[in-house]
Amino acid sequence: MNDVVVTGVGLVSSLGTNAADALDAMRHLRTGLVPWHPLPDTNLPVTIAGPIPGFDVSGLDAASWSWPDHLPIDRSVLRGMPPHGLYAMAALTEAMAQANLAPDACRDGRTGLYAASGGSPRLTFRRLAAMENNAWQRGHPLGVISSVAGTLNFHFAAILGIRGESCGFVSACASSAHAIGYAADSIRLGRQDRIVVIGAEDLCLESVMPFHGMGALTTGSDPALAMRPFDRDRSGFAATGGAAVLILESSSSARRRHVTPLARLAGWGQAADGYHPAAPHPQGIGLADAINLALADAQSSPADVDYINAHGTGTPAGDAAEALALSRIFNSSCPPISSTKALTGHGLSLAGAMEAVLSILALRHAIIPGQAHLTHPLPEGAHLNFPRLTTSHPIRSALNNSSGFGGANVVHLFTHA
Amino acid sequence: MKIPEGLERRTEAEIREELRGFPPPAIDAVVSLKSGTNPASLRACLLSVLEFYLPQAARRSLADVPDSARLREDLALDSLALAEAAFKLDEVLGIPVETREVGNLATVGDLHAFFCARLQSDPS
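Procedures and definitions
Residues numbered from 1 in each chain as written. Chains lettered and ligands numbered in written order. Predicted model: local features only at pLDDT ≥ 70, side-chain atom pairs only at ≥ 80, totals over all residues. Heavy atoms only, no water. Core = buried A, V, L, I, M, F, W, Y, C linked by side-chain atoms within 4.5 Å. Buried < 20%, exposed > 50% of the residue type's maximum accessible area, 1.4 Å probe, protein only. Helix = DSSP H or I, 4+ residues; strand = E, 2+ residues; numbered from the N terminus. Domains from an automatic or database assignment. Contact = heavy atoms within 4.5 Å. Pairing = 2+ DSSP bridges. Axes fitted to C-alpha atoms, helices over the stretch in contact; angles between N-to-C directions. 1 Å grid on protein atoms, 1.4 Å probe; cavity = no way out; pocket = protein on both sides within 12 Å on 5 of 7 lines; lining within 4 Å. Points joined across faces, edges and corners; volume = space filled by probe spheres on them. Nonpolar A, V, L, I, M, F, W, Y, C, P; charged D, E, K, R; others polar. Salt bridge = Lys/Arg side-chain N within 4 Å of Asp/Glu carboxyl O. pLDDT = per-residue confidence, 0-100. Buried area = accessible area lost by both parts, 1.4 Å probe. Polar contact = N/O pair within 3.5 Å; in protein donor to acceptor, adjacent residues only side chain to side chain. Phe/Tyr/Trp six-rings, centres within 6.5 Å; stacked < 30°, edge-to-face > 60°. Parallel < 35°, antiparallel > 145°, perpendicular 65-115°, else oblique. Left-handed = near helix turned anticlockwise from the far one by under 90°.

Asks: Help me understand the nonpolar core, please; the structure alone is not making it clear to me.
Replies: Counting 46 residues, the largest nonpolar core has Val6(A), Leu11(A), Ile180(A), Leu246(A), Leu248(A) and Ile360(A) as its most contacted members. Top contributing element to this core by residue count: helix α11 (residues 351–365) of chain A, with nine residues. Both domains that furnish three or more residues to this core are identified here as domain 1 (4–256) and domain 2 (268–415) of chain A. Residues within four places of Leu246(A) in sequence aside, it is in contact with Val6(A), Gly8(A), Val9(A), Ile180(A), Ile195(A), Val196(A), Val197(A), Ala353(A), Ala356(A), Val357(A) and Ile360(A). Among the nonpolar cores identified, the runner-up in size contains 43 residues, and Val31(B), Leu33(B), Ile95(B) and Leu119(B) belong to it.

What follows is the structure in structure tokens.
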């Protein structure tokens, strides 16, 4: 089977407009979480989030959106996109440049596109409300393709001229992690030479506030303390948006193109909890199985793992389950673990791809990101290794955990190429 | 010719917000339509908004385009772009436009006549 490498990454996050900004934030444990008041005159119960600096996508129409001047984005390609399509466009530009791929390089039939997002609840809600107001007589012509869950693959397959595989993934907060895993399988099987993987989400009331109804969002007001993965006193997550793009490619294709890979996706695994539509299994059995499957896929053992980028959303149930899963596998010798969501916020469908990029950055730049905002580790993880500060240290391999509703668990293992 | 109802009840600031990101001439055309409506200002308003929906490869000024210009063949507007433009005009002017009605329009003149009719005005 073909070896799978990553030849380009792009990241637009609360930490900045590119991967270098995020790397700098990880080095210094600088959080992108800030006070968030999208409705200034309303007393919202949630006041912390991770907006994307330099972007304004508050209008419904792409005509009104703005972005940093240095990003070469043609406004006309944004028409009919969801707001996070703009973030994806910026991240794609960065990833394509790093992979040394020209814009028309994806038209060869050997390039696929896998994307993940929750669609745009905001556009869905607003467009449907407008239709209801006119007795369902008229609707926005691009209302469907701008708002449903497949919106990213619709748009970017057209922009890139994709003639190979094109598909969207929907497994909540494991969606883009699934996209990476299945992309790797397709490349391994020789069906595609490369696959562009995009994960993106919008940060807006309509995307975020429904999670408050589940009790999943922190209501803390201090950006430095509100989201506290693996802390005894954690109270839920702060949300974020943004986009992450990875160019996955067969190692033979990368060699043919004389491109130096950033990392190798040595293996991945997935396993479901079979337990509850929203809550994780209390013992984290699905996640533990997914970790074991990823290690087996990579022909690695727990002792080979030098860093774990945990799912760690800071919810009471989720972190406890993940800590128990990690304790079971890495019991005797635990590598450093951190959830970078304490810095970025939780990007929902975007999370798996965003943290894959952050894991690759850690691997390449030999840093172990510290666990921000952790004071008292949770009792379920008393024996786990949560470094409080980022340290410089060579990493042989980095494990990236993702979990989503329905008990979906996905794990990647990245190594040096 | 009467001022479109949806336009009349909007303030200039609301119009400018509705058209945020559109080129200034398009915004100015809509604002001027509110203050002094006549067939010429309606035509300028329609064309300046329509211009925004031209495909990238066919981007051009429509200020001097003749009534005989064909929306699809000459301006390269596909049915979705035309529907988008009509929907935006519906939002901004408050003139209800159905997608299928726009689909029947062939030329710039047809478009102008359609909106004039909606405003109970003589297109000439």
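From this point, things continue past the structure.
Asks: Looking at this structure, how should I read the sheet that holds strand β8 (residues 242–250) of chain A?
Replies: All names here are of chain A. Strand order in the open sheet formed by 10 strands is β5-β4-β6-β8-β1-β9-β15-β14-β10-β11, and the pairing between neighbours is mixed. The sheet terminates laterally at β5 (166–168) and β11 (337–338), the two strands that pair on one side only. One ladder, built from eight bridges, connects strand β14 (residues 397–404) with strand β15 (residues 408–415); its direction is antiparallel. Across the sheet, the residue bridging to Ser 397 is Thr 415, located in β15. Against the sheet, helix α2 (residues 83–98) contacts β1 (4–12), β6 (194–201) and β8, and its axis sits at roughly 135 degrees relative to β1. Along the sheet, helix α8 (residues 285–297) makes contact with β9 (263–272), β14 and β15, crossing β9 at roughly 145 degrees.

Asks: For this particular structure, what's the right way to read empty space enclosed by the protein?
Replies: A water-sized probe rolled over the atoms picks out the places where empty space is left. All names here are of chain A. Going through the model one piece at a time under the given rule, you end up with two cavities of 30 Å³ or more. Of the pockets and cavities examined, the largest cavity occupies roughly 100 Å³. Lining of the largest cavity is provided by 14 residues; of these, Asp 61, Ala 62, Gly 80, Arg 127 and His 140 occupy positions nearest its centre. Of the residues in the lining of the largest cavity, the class split is seven nonpolar, three polar and four charged.

Asks: I keep staring at the side chain of Ser175(A) and nothing clicks. Help me out?
Replies: Residues and elements named next belong to chain A. Relative to the helices and strands, Ser 175 is located in helix α5 (residues 175–188). Here Ser 175 falls in the buried class, since its relative accessible area comes to 1%. Those residues in contact with Ser 175 that sit more than four places away from it in its chain are Ala 116, Phe 169, Val 170 and Ser 349.

Asks: I tried to follow the domain arrangement of chain A on my own but got confused; where do I start?
Replies: A common way to express how large an interface is: the accessible area buried when the components associate. Residues and elements named next belong to chain A. For chain A, the assigned domains are domain 1 (4–256) and domain 2 (268–415). Its C-alpha centre places domain 1 at a distance of 21 Å from the equivalent point of domain 2. Each side of the interface is counted separately: domain 1 has 64 residues, and domain 2 has 61 residues. Joining domain 1 to domain 2, the criterion identifies two salt bridges.

Asks: Honestly, the sheet that holds strand β2 (residues 34–35) of chain A in this entry has me stumped. Any pointers?
Replies: Sheets are built from strands that pair by backbone hydrogen bonding, the pairs being arranged parallel or antiparallel. All names here are of chain A. Pairing is mixed in the open sheet, where three strands are placed in the order β2-β3-β7. Bordering the open sheet on either side are β2 and β7 (239–240), each of which pairs with just one other strand. Pairing of β2 with strand β3 (residues 48–50) involves two bridges; the strand directions are antiparallel. Within the sheet, the bridge partner assigned to Val 34 lies in β3 and is Ala 49.

Asks: How should the confidence of the model for chain B be read in this particular structure?
Replies: Parts of the model with low pLDDT should not have their predicted coordinates read in detail. For chain B, the mean per-residue pLDDT works out to 85, and 92% of the residues sit at or above 70. Here helix α1 (residues 5–8) of chain B is the element of chain B with the lowest mean pLDDT, 78, and helix α7 (residues 108–118) of chain B is the one with the highest, 90.

Asks: How do you make sense of unusual backbone geometry when you look at a structure like this?
Replies: With the exception of glycine, most residues fall at negative phi, and the peptide bonds are largely trans. Residue and element names in this part refer to chain A. Although it is not a glycine, Trp 136 sits at a positive phi angle of roughly 60 degrees. With respect to the helices, strands and loops of the structure, Trp 136 is situated in the loop between α3 (121–133) and α4 (151–160). In this model, His 258 sits at a positive phi of 60 degrees, which is unusual for a non-glycine residue. You can see His 258 is positioned in the loop between α7 (251–256) and β9.

Asks: I'm lost on the interface of chain B and chain A in this one. Help?
Replies: Of the residues lining the interface, 19 residues belong to chain B; the matching set on chain A comes to 17 residues. Carbon and sulfur atoms supply 51% of the area that chain B and chain A bury against each other, a total of about 1,500 Å² over both sides. The three residues of chain B that bury the most area against chain A are Arg20(B), Glu84(B) and Phe87(B), which together make up 41% of that side's buried surface. Taken together, the connections running from chain B to chain A amount to four salt bridges. Between Arg138(A) and Asp90(B) there is a salt bridge; the shortest N-O distance is 2.7 Å. Along the contact surface separating chain B from chain A lie eight residue pairs in polar contact (both at pLDDT 80 or more). Among the elements that take part in the side of chain B that touches chain A, helix α5 (residues 79–93) of chain B stands out by supplying eight residues, more than any other.

Asks: Explanation requested: the packing of aromatic side chains in the structure shown.
Replies: Residues and elements named next belong to chain A. Taken as a whole, this structure holds 11 aromatic pairs over all chains when the rule is applied. A centroid spacing of 5.3 Å and a plane angle of 65 degrees characterise the contact between Tyr 182 and Trp 268, whose relative ring orientation is edge-to-face. Of this pair, Tyr 182 sits in helix α5 while Trp 268 is found in strand β9, placing the two residues 86 residues apart along the sequence. A relative accessible area of 34% places Tyr 182 in the partly exposed class.

Asks: In this structure, what is going on with the packing of α2(A) against α4(A)? I would like to understand it.
Replies: Two quantities define a packed helix pair, namely the angle between the axes and the distance from one axis to the other. Residue and element names in this part refer to chain A. At a minimum axis separation of 11 Å, α2 and α4 run at an interaxial angle of 45 degrees. The orientation of α2 with respect to α4, classified from their angle, is oblique. For the pair α2 and α4, the sense of crossing is right-handed. Judged by residue contacts, His 84, Gly 85, Ala 88, Met 89, Leu 92 and Met 96 of α2 engage Thr 151, Leu 152, Phe 156, Ile 159 and Leu 160 from α4. For the contact of α2 with α4, the per-class residue count stands at eight nonpolar, three polar and no charged.

Asks: Even after reading the chapter, I still don't get the pairing of β8(A), so can you show me in this structure?
Replies: It is a general feature of regular strands that their side chains alternate between the two faces of the sheet. Residues and elements named next belong to chain A. Of all nine residues in β8, nine are buried, a share of seventy percent or more. Of the two faces of β8, the one carrying Gly 242, Ala 244, Leu 246, Leu 248 and Ser 250 and the one carrying Ala 243, Val 245, Ile 247 and Glu 249 are both buried. Alignment of β1 against β8, held across eight bridges, turns out to be antiparallel. Within the sheet, the bridge partner assigned to Val 12 lies in β8 and is Ala 243. Sheet analysis places β6 next to β8, joined by eight bridges and oriented antiparallel. What sits directly across from Ile 195, in β8, is Leu 248.

Asks: For this particular structure, what's the right way to read the pattern of salt bridges?
Replies: Once the charged atoms of two side chains with opposite charge are near each other, the side chains can pair. All chains considered together, the criterion is met by 29 salt bridges over all chains. Of the charged contacts, one joins Asp3(A) and Arg264(A) as a salt bridge, the two residues approaching to 2.9 Å between their closest N and O atoms. Of this pair, Asp3(A) sits in the segment before β1 while Arg264(A) is found in strand β9, placing the two residues 261 residues apart along the sequence. Using a relative accessible area of 32% as the deciding quantity, one classes Asp3(A) as partly exposed. Arg122(A) is the partner of Asp202(A) in a salt bridge, and the nearest nitrogen-oxygen pair spans 3.6 Å. Placement of the pair is Asp202(A) in the loop between β6 and α6 (205–212) and Arg122(A) in helix α3, with a sequence separation of 80 residues. Each of Asp61(A), Arg10(B), Glu18(B), Lys88(B) and Glu91(B) takes part in salt bridges that share partners, so that together they form one network.

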